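The residues making up each chain are set out below.
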Amino acid sequence: MPIGAGGGAALQLLAAAMGAKAVVEIGTGAGVGALWLLRGMRPEGVLTTIDVEPEHHRAAREAFTEAGITSNRVRLISGRALEVLPRLTDGAYDLVFCDADKQEYDGYLDQALRLLRPGGVVAFDNALWGGWVADPARRDADTTALRALEDRIRDDDRLTPALLAVGDGLLAAVKTGD
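Our subject in this report is the structure included herewith.

Conventions adopted
- Residues numbered from 1 in each chain as written.
- Predicted model: local features only at pLDDT ≥ 70, side-chain atom pairs only at ≥ 80, totals over all residues.
- Heavy atoms only, no water.
- 1 Å grid on protein atoms, 1.4 Å probe; cavity = no way out; pocket = protein on both sides within 12 Å on 5 of 7 lines; lining within 4 Å.
- Points joined across faces, edges and corners; volume = space filled by probe spheres on them.
- Nonpolar A, V, L, I, M, F, W, Y, C, P; charged D, E, K, R; others polar.
- Helix = DSSP H or I, 4+ residues; strand = E, 2+ residues; numbered from the N terminus.
- Buried < 20%, exposed > 50% of the residue type's maximum accessible area, 1.4 Å probe, protein only.
- Contact = heavy atoms within 4.5 Å.

Approximately 420 Å³ is the volume attributed to the largest pocket. Residue lining of the largest pocket: 28 residues in total, with Gly27, Thr28, Asp51, Asp99 and Ala100 positioned closest to the centre. Classifying every residue of the lining of the largest pocket by side-chain character gives 12 nonpolar, eight polar and eight charged.

Here it is, written out as structure tokens:
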């Protein structure tokens, strides 16, 4: 499920507000989130987007072509995010957007903290998870993983977080320390 218009607009705003030139997206999907991010990034900015499904990259390439995005603005990497992310450069990114396997969000946060420059932003889609995160009776693996992530981000002194009530919830946090 791609990010909705509200969440996408929030991503565009974040990228534009910080003058983002280097962004990582975990979970390319059909390229919807990438297009929002690219609209907010500086014209010379490069988006690195990772997805385990090659057909997602094919769909995203078509979306980028239709939107007039040149190939030098997007780097598509196929593979499992937790295997690809360690190969990216420490402290070199302005924003990391996560919209993939919810049970791997904790690992994505570890990598994002390493990849982000001071003042960089990490954002997670589906932070409300259809309202299930707030329902203590819900104990499925994805919901409990999201709850644990939200608690961890809230309690991390290196992060200044906000839960944006757009779409299915966008949890964003600024890296304020190391």
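In this fold, Leu76 is placed in strand S3 (residues 74–78). A residue is classified by how much of its surface remains accessible, and Leu76, at 22% relative accessible area, is partly exposed. Linking Leu76 and Gly33, residues 43 residues apart in sequence, is a C-alpha distance of 13 Å.

Once that is clear, we can look at the side chain of Glu104. Secondary-structure assignment places Glu104 in the loop between strand S4 (93–98) and helix H5 (105–115). With near-sequence residues (within four places) excluded, Glu104 lies in contact with Arg80 and Leu82.

Spatial relationships are all this shows, so hold off on functional conclusions.
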